[in-house]
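Descriptive analysis of the structure
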Amino acid sequence: MLSRIVKDADVLSGSVLAALGVYIIMEASQWEAYTAGGPGPGFFPIWYGLAIVGLSLGLVVSKIVNGKGEEEGGIDWSGAPRALGAWAMFAAAGALLQPLGFVLSFALLTFFMVVVVFRQSVLTALLTALGCTAGFYLVFPVALGVDLPASPFGVF
Amino acid sequence: MDVVNGLMHGFAVALQPSNLLWCFVGCFLGTIIGVLPGLGPAATIALLLPVTFHMEPTGAIIMLAGIYYGAKYGGSTTSILLNMPGESSSVVTCIDGYQMARRGRAGAALGIAAISSFVAGTIGVILLSVVAPPVAAFALSFSSPEYFALMCFGLALVALLGGDSIIKALLALLVGLWLASVGVDLFTAQARFIFGQSKLLGGLDFLVIAIGIFAIGEILSNVEKRGAVNMLPVPRGIRNLLPNWEELRACRFAMVNGSLTGFIIGVLPGAGSTIASFVSYGVEKAVSRRPEKFGTGVPEGVAAPEAANNADTGGALVPLLTLGIPGGSSTAIMLSALILWGIRPGPLMMDEAPDVFWGLVASMYIGNAVLLLLNLPLVPLFAQILRLPSYILHPAILGLSIIGAYSVSSHLFDVGLLAGFGLLGYLMGKLGYPSAPLILGFVLGDAMERALRQSLMMSQGDLSILVSRPISAVLLACAVLILLSPLLGRFNQWRTRALHGS
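Residues numbered from 1 in each chain as written. Chains lettered and ligands numbered in written order. Predicted model: local features only at pLDDT ≥ 70, side-chain atom pairs only at ≥ 80, totals over all residues.

**What to know about the overall build of chain A**
What chain A contains, in helices and strands, is six helices and two strands. Along its sequence from the N terminus, chain A presents helices and strands in the succession α-α-β-β-α-α-α-α. Buried positions account for 35% of the 156 residues belonging to chain A. Put simply, of all contacts in chain A between residues at least 6 apart along the chain, 55% involve residues at least 24 apart. (Helix = DSSP H or I, 4+ residues; strand = E, 2+ residues; numbered from the N terminus. Buried ≥ 20, exposed ≤ 12 C-beta atoms within 10 Å, placed from the backbone. Contact = placed C-beta atoms within 7 Å.)

This is the structure we're talking about:
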């Protein structure tokens, strides 16, 4: 029962938000709440920091008092690995923009998403990656003159 | 400038060839976005905003508005043919629209949706033209306390109608306020919440947050649910898309009901077109002579919600253009766009930027006609978009997101932030935290803090200034009542049903 509650999404998210609220209050308390000219930089953040702590604790407490576990809450996490995998590829493509440039990073992102997330054949992935990348290259840097991160190899 | 002169000036602006082109582009893109389930107008407007940096503001806002109301036209197509709403505002259309399609009246249902959307969209714009000037004139008397109270009122409504749990909606809103505080303080130049990163001194960029939360968040949610769609056949030929006389007669009051309900609800911040379509469907069913037939494929069950969700657009632009207060995610992005182009929406906008204000209003009359002409004959073509494989669409949107975020400041740091906000948007959706309050909190955060601090400067720190002025006192009292209203059991049941559109 206790472990179910601890793993509950509302309890977890409420705890994280309570921690964020405490952080906001601690940071804001270092700045002046009131100055000679009126409210200072700490005034507004302290108020919403307190509200975040109060509401998130309310969320956690109400969940604990009601005692409903995750299976009753009904959040379906079965597809989350696919979504998080896609996110990891996106984040990796973002990190590769500096060393590889936009064109290569985007081609890699498309290729791996098509193969790993959408379970298509390597040939389909290759054609999709080439087609999408060529389309983006022609539309943005060539037609619209948008500056994109360039690779050290001299191409976008 | 009075309404008639304003509209004439607006038509002179909107009928310029370049603005007509942008109106058409916006309506066309909006329809496609509406047809595609999973990618909403807010995400699209955010993605396309960087493209508008080099455009003339009037043409740019005409295009973005076209996407906004065009998506509502397109949203009905998937509701009717797939029983799957292209937009959340088209959920109610599924109920009778899909049943009509199953009975072989898909063409009539699509035609009724398009005609109702046209009628209601036009009524909504007429009401916007008439209502906006007096609202703007009234708002001229507002000072900082009134603006602060107005924002509290709007944000309270957004929190109330933003999701199942008002606590979660309020938490999302407060996180939005916190994100708005990142960077240098407006009054004292104190750096706040920058985590030692000098790149954060200028604050977080709105586009990075909007694209991350909406576009990336939506893509990740879509990636989760993989499944084939079974689409009912679309009738070909304009004749097969026109409803018969009996069906049109049955819809005439539903269109008026939907138009008025949609406009009124659209004016309220946070309510949005989903609530408008639900309420108008409920009203139509309540006053119908054959309520038991609703849900089996009656034409007025398509006309009322479609009219409401299109008239809502005109209503939603009233607080945006006259008070500078957006009521939803799409209008929040449009507010940021106007500010980026150096235009400040508010009571003075009609005088300071008449081309933009009246040009936009006039373009909506034109846009509604464009959408009717686009939607009736081209529905079969738009429906084919649904056959575009998601393995092409999703990586392409991710690529557009990277370009959108990078083009803001040409810093790869922003792409990193984009990934972070994308994950946040996905997790918020999974955990039941609505994203609209966060975006509105972020958009209004700076203005809200400024209004509060200016109010307290005016009163030498006395908080009673917020309740001693009649307008701000009434607005704050309404905000408190709104936040306490979920404690009333029956109201909360209605609210939850309305949000789920069932």
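**Some remarks on the environment of B:Ser18**
Relative to the elements of secondary structure, B:Ser18 occurs in helix α2 (residues 17–35). Taking C-alpha positions, B:Ser18 is 10.0 Å from B:Thr58, a pair spaced 40 residues apart along the chain.

**What about helix α8 (residues 206–224) of chain B?**
Residue and element names in this part refer to chain B. End to end, α8 covers 26 Å across 19 residues, agreeing with the expected 27 Å (1.5 Å per residue, within 8%). Maximum bend of α8: about 30°, positioned at Gly 212. For α8, the buried fraction is high: 18 of the 19 residues fall into the buried class. (Expected span 1.5 Å × (residues − 1). Bend = angle between axes of the 7 residues up to and from the residue.)

**As for the nonpolar core**
All names here are of chain B. Of all hydrophobic cores here, the largest spans 213 residues; its most connected members are Ala 46, Leu 173 and Ile 211. At 25 residues, the largest contribution of residues to this core is made by helix α5 (residues 91–139). Apart from residues lying up to four places away in sequence, Leu 173 is in contact with Leu 155, Val 158, Ala 159, Pro 437, Leu 438, Leu 440 and Gly 441. (Core = buried A, V, L, I, M, F, W, Y, C linked by C-beta atoms within 7 Å.)

**So, the interface of chain B and chain A**
Listed per partner, the contact involves 46 residues of chain B and 50 residues of chain A. Put simply, the parts of the chain that give the side of chain B that touches chain A at least two residues each are α7 (166–181), α8, α15 (390–409), α16 (412–431) and α17 (435–458) of chain B. For the side of chain B that touches chain A, the leading source of residues is α15(B), giving twelve residues. Its residues assigned to classes, the side of chain B that touches chain A comprises 27 nonpolar, twelve polar and seven charged. (Nonpolar A, V, L, I, M, F, W, Y, C, P; charged D, E, K, R; others polar.)

**Focus: unusual backbone geometry**
Residue and element names in this part refer to chain B. Phi angles above zero are rare outside glycine, and Ala 189 is one such case at about 65°. Checked against the element boundaries, Ala 189 lands in the loop between β1 (183–184) and β2 (191–192). Here Phe 193, not a glycine, exhibits a phi torsion of approximately 50°, which is positive. Structurally, Phe 193 can be placed in the loop between β2 and α8.

**Digging into the domain arrangement of chain A**
The domain architecture assigned to chain A consists of domain 1 (2–73) and domain 2 (80–144). Spacing between the C-alpha centres of domain 1 of chain A and domain 2 of chain A amounts to 38 Å. (Domains from an automatic or database assignment.)

**Here's the deal with the packing of helix α3 (residues 41–48) of chain B against α8(B)**
All names here are of chain B. Here α3 crosses α8 at 135°, and the two axes come no closer than 9 Å. Classified by the angle between their axes, α3 and α8 sit oblique to one another. For the element pair α3 and α8, the recorded crossing hand is left-handed. Between α3, through Ala 42, Ala 43, Ala 46 and Leu 47, and α8, the contact on the second element is made entirely by Leu 207, Ala 210, Ile 211, Phe 214, Ala 215 and Glu 218. Broken down by class, the residue content of the contact of α3 with α8 amounts to nine nonpolar, no polar and one charged. (Axes fitted to C-alpha atoms, helices over the stretch in contact; angles between N-to-C directions. Parallel < 35°, antiparallel > 145°, perpendicular 65-115°, else oblique. Left-handed = near helix turned anticlockwise from the far one by under 90°.)

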